[in-house]
Amino acid sequence: MIPVSLPGGNFYVLMAVSLACLSTLLTWLAVLATSRSARLWLGEHRRAGSLMLAFLAAVGAIFPYQQFSLWFSAQREARADDSRKTVLAQPTQLAGVQMPAGTVLSLATPGELASFDRAVFPDAHPAPVQGIVASRLFRYPATSRQAETLSVEIARDQALEGWLCAHGHRIEFVMQGGHPRFASCHLAIGNMLDQQPVPPGAWLKVEDAARGTPLDAASAAPRWLLRTEGSDSLTVGQIPLLKVDVRLDNQRRMLGFEGLMARDTVLGDMSYPPGTRVLAATTRVPGAQPGDLLFSPSRGRSARRAGGEDVPAGKSVLQAPDGTVRSVLNNREAGVLDVAAMRIGP
C-alpha cells in the first residue's frame, strides 16, 4: 500500500469559503456592471462597500492562488523529470540488462546513465531479463539491509525458473555479481505443486534472495518459499489449507509448511474445525518424528477427539501422518506462539 498524505480538514473548509467569496465577488461585480441602482448604492455606502469588496477579494484570492501553486509545482516537477530523461541511441548494457535503442531512461543524476532508476522499453523491442521479456524496469539502490534490486513489468504471463509468473504484478530481481537473479513473483494460473494446482496470485520467493546472499552452494537451483493468500485453498498432505507457507528444496520437494485448515477435517480420532493451524512438526517438538504434523485449534475453537476429551485453544496435537496421536502439548511446549498472525507481505 502506498501512503498518501492528505491535507487537514481545515484546508477543505478554507477552500470552500474562498470559493464562495470568489463567486460572491464576481457576481457582485457583474451586478455593478449592469445595474445603475447597484452603483448608486455603492456610491452611498462607499466605505462599507469598499471594505466588503476588499474582504471578498482577499479571501477569494486564496482559491486561485492555491490552484496556481499546484499548477506551478506540477510544471516544475515535469521540467525536472524531462531534464532527467534520456533516450538511448544505441543498445546499451546497464545493471546487467541489455537495453535496446529507443529505451527511455529516468536518471537520478542528469547525464549519468548508470544512475537510472526507471527504464521504459520500446513496444517493438522489449528487453530480455533472465529469460523473460520486460516492458518496464525499475531499479532500487542497495541499502545496509538489502542488496540492489530490480522490479520488472511484463505484458503477459511468462515462465521463469519453471514457474509461470502473472503479468498483473511485477517480478523482482536481486543483483548478484552485476547480474539480475530472480527473487520473487506472483504466480499465474497453471502452476502445479505435487500434482495439485497452485492458487493464482500466490507469492513465490527465492529464499535469501532479498538479502542478496548466495544460493545453496550444493546446487545451482534455489530453494523456494510459496505463500498463498485469498479464498483459494492449496492441498498440502491431503489437507486443504488457506494462507499457507510452503518451503521447497531445490528439487521442489517439501521441506516444511504452515497454514490454516480451509474446512472441517478428520484425521484418525481427531476432528478439527476450520481455522486450525497446521504445520510440519520439527525435531524441536518433544516426541516428534519425521513426517509428523502439529495441529493447534484457533482461539475460541476446540478439536474433538473420539472417546476422549476435546483439545481447546492453547494446546496442540502431535499426530503421525496415519492419524496416530502421539501427544497433546501446550502451545509453549510445542513452540507455537499464541499471538495473532502477522506477516510482512510481498
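Conventions adopted
- Within every chain, residues take consecutive numbers counted from 1 along the sequence as written.
- This being a predicted model, a pLDDT of at least 70 is required before a residue's local features are given, and a value of 80 or more before pairs of side-chain atoms are given or counted; all residues contribute to the totals for chains, interfaces and linings.
- Derived side-chain values reflect all non-hydrogen atoms in the structure, with water molecules and hydrogen atoms excluded from consideration.
- Just to be clear on terms, a salt bridge is a Lys or Arg side-chain nitrogen sitting within 4 Å of an Asp or Glu carboxyl oxygen.
- Strands are runs of DSSP state E lasting at least 2 residues, helices are runs of H or I lasting at least 4, and numbering of each runs from the N terminus.
- When accessible area is computed with a 1.4 Å probe and restricted to protein chains, residues below 20% of their type maximum are described as buried, those above 50% as exposed, and intermediate ones as partly exposed.
- By the convention used here, strands pair only if DSSP detects at least 2 bridges between them.
- Any N or O atom pair separated by 3.5 Å or less is treated as a polar contact, with the protein-specific requirement of one donor-capable and one acceptor-capable atom, and with residues adjacent in sequence counted only for side-chain atom pairs.
- Note on definitions: a residue-residue contact is assigned when non-hydrogen atoms from the two residues lie within 4.5 Å.
- Pairs of cysteine sulfur atoms within 2.5 Å are what we label disulfides.
- What pLDDT reports is the predictor's confidence in each residue, on a scale of 0 through 100.

Enquirer: I'm lost on the pattern of salt bridges in this one. Help?
Expert: Two side chains carrying opposite charge are able to pair once their charged atoms lie near each other. One pass over the structure, following the stated rule, counts eight salt bridges. A salt bridge links Glu207 to Arg247, with the nearest nitrogen and oxygen atoms 3.0 Å apart. With Glu207 in the loop between β16 (203-206) and β17 (224-227) and Arg247 in strand β19 (residues 239-248), this residue pair connects regions lying 40 residues apart in the sequence. Residue Glu207 is classed as partly exposed on the basis of its relative accessible area, which comes to 21%. When the shortest N-O distance is used, the salt bridge between Asp249 and Arg253 registers 2.9 Å. Residues joined by salt bridges that share partners form a network here, namely Lys205, Glu207 and Arg247.

Enquirer: Would you mind showing me how to read the pairing of strand β28 (residues 325-330) here?
Expert: The two faces of a sheet get side chains in turn, since along a regular strand they alternate between them. With five bridges joining them, strand β27 (residues 315-319) and β28 adopt antiparallel strand pairing. Considered in β28, the bridge of Gln319 is made with Val325.

Enquirer: How should unusual backbone geometry be read in this particular structure?
Expert: Phi angles above zero are rare outside glycine, and Ala95 is one such case at about 50°. Here Ala95 is to be found in the loop between β2 (92-94) and β3 (97-99). Positive phi values are uncommon outside glycine, yet Glu161 reaches one of about 55°. As for its position among the elements, Glu161 is in the loop between β10 (158-160) and β11 (163-165).

Enquirer: Please explain the side chain of Thr276 as it appears in this structure.
Expert: Residue position: Thr276 is located in the loop between β22 (270-272) and β23 (277-280). Side-chain polar atoms of Thr276 contact the backbone oxygen of Pro273, separated by 2.8 Å. In contact with Thr276, other than residues within four places in its own chain, are Gly259, Leu260, Met261, Phe295, Ser296, Pro297 and Ser298.

Enquirer: Explanation requested: the sheet that holds β22 in the structure shown.
Expert: As a general point, the strands of a sheet are linked pairwise by backbone hydrogen bonds and lie either parallel or antiparallel. If you trace the four strands from one edge of the open sheet to the other, you get β21-β22-β25-β26, paired in antiparallel fashion. What marks the edges here is a single partner per strand, and that holds for β21 (265-267) and β26 (311-312).

Enquirer: Looking at this structure, I do not really get the environment of Ala303. What am I missing?
Expert: With respect to the secondary-structure elements, Ala303 resides in strand β25 (residues 302-305). The class for Ala303 is buried, based on a relative accessible area of 0%.

Enquirer: What should I look at first to understand the state of the cysteines in this one?
Expert: Counted by the stated rule, this structure contains one disulfide. A disulfide bridge connects Cys165 with Cys185, and the sulfur atoms are separated by 2.2 Å. Of note, the bridge from Cys165 to Cys185 carries an S-S torsion of about -75° and is left-handed in sense. One end of the pair, Cys165, is in strand β11; the other, Cys185, is in strand β13 (residues 179-186), with 20 residues separating them in the sequence. We note that Cys165, like Cys185, is buried.

Enquirer: Before we go on, may I ask you to explain the confidence of the model for the protein chain in this structure?
Expert: In regions of low pLDDT, the predicted coordinates are not meant to be interpreted in detail. The share of residues in the protein chain with pLDDT of 70 or more is 91%, and the mean pLDDT across the chain is 86. Here helix α4 (residues 62-84) is the element of the protein chain with the lowest mean pLDDT, 83, and strand β9 (residues 149-153) is the one with the highest, 96. Long-range and interchain partners of residues 210-219, a stretch whose pLDDT sits below 50, account for 19 contacts in this model, where long-range means more than four residues apart.

Enquirer: How should I be thinking about the side chain of Ser18 in this particular structure?
Expert: If you trace the backbone, Ser18 turns up in helix α1 (residues 9-34). With relative accessibility at 0%, the residue Ser18 sits in the buried group. Separated by 2.7 Å, the side chain of Ser18 and the backbone nitrogen of Phe63 make a polar contact. Beyond its immediate chain neighbours, meaning those up to four positions away, Ser18 contacts Val59, Gly60, Ala61, Ile62 and Phe63.

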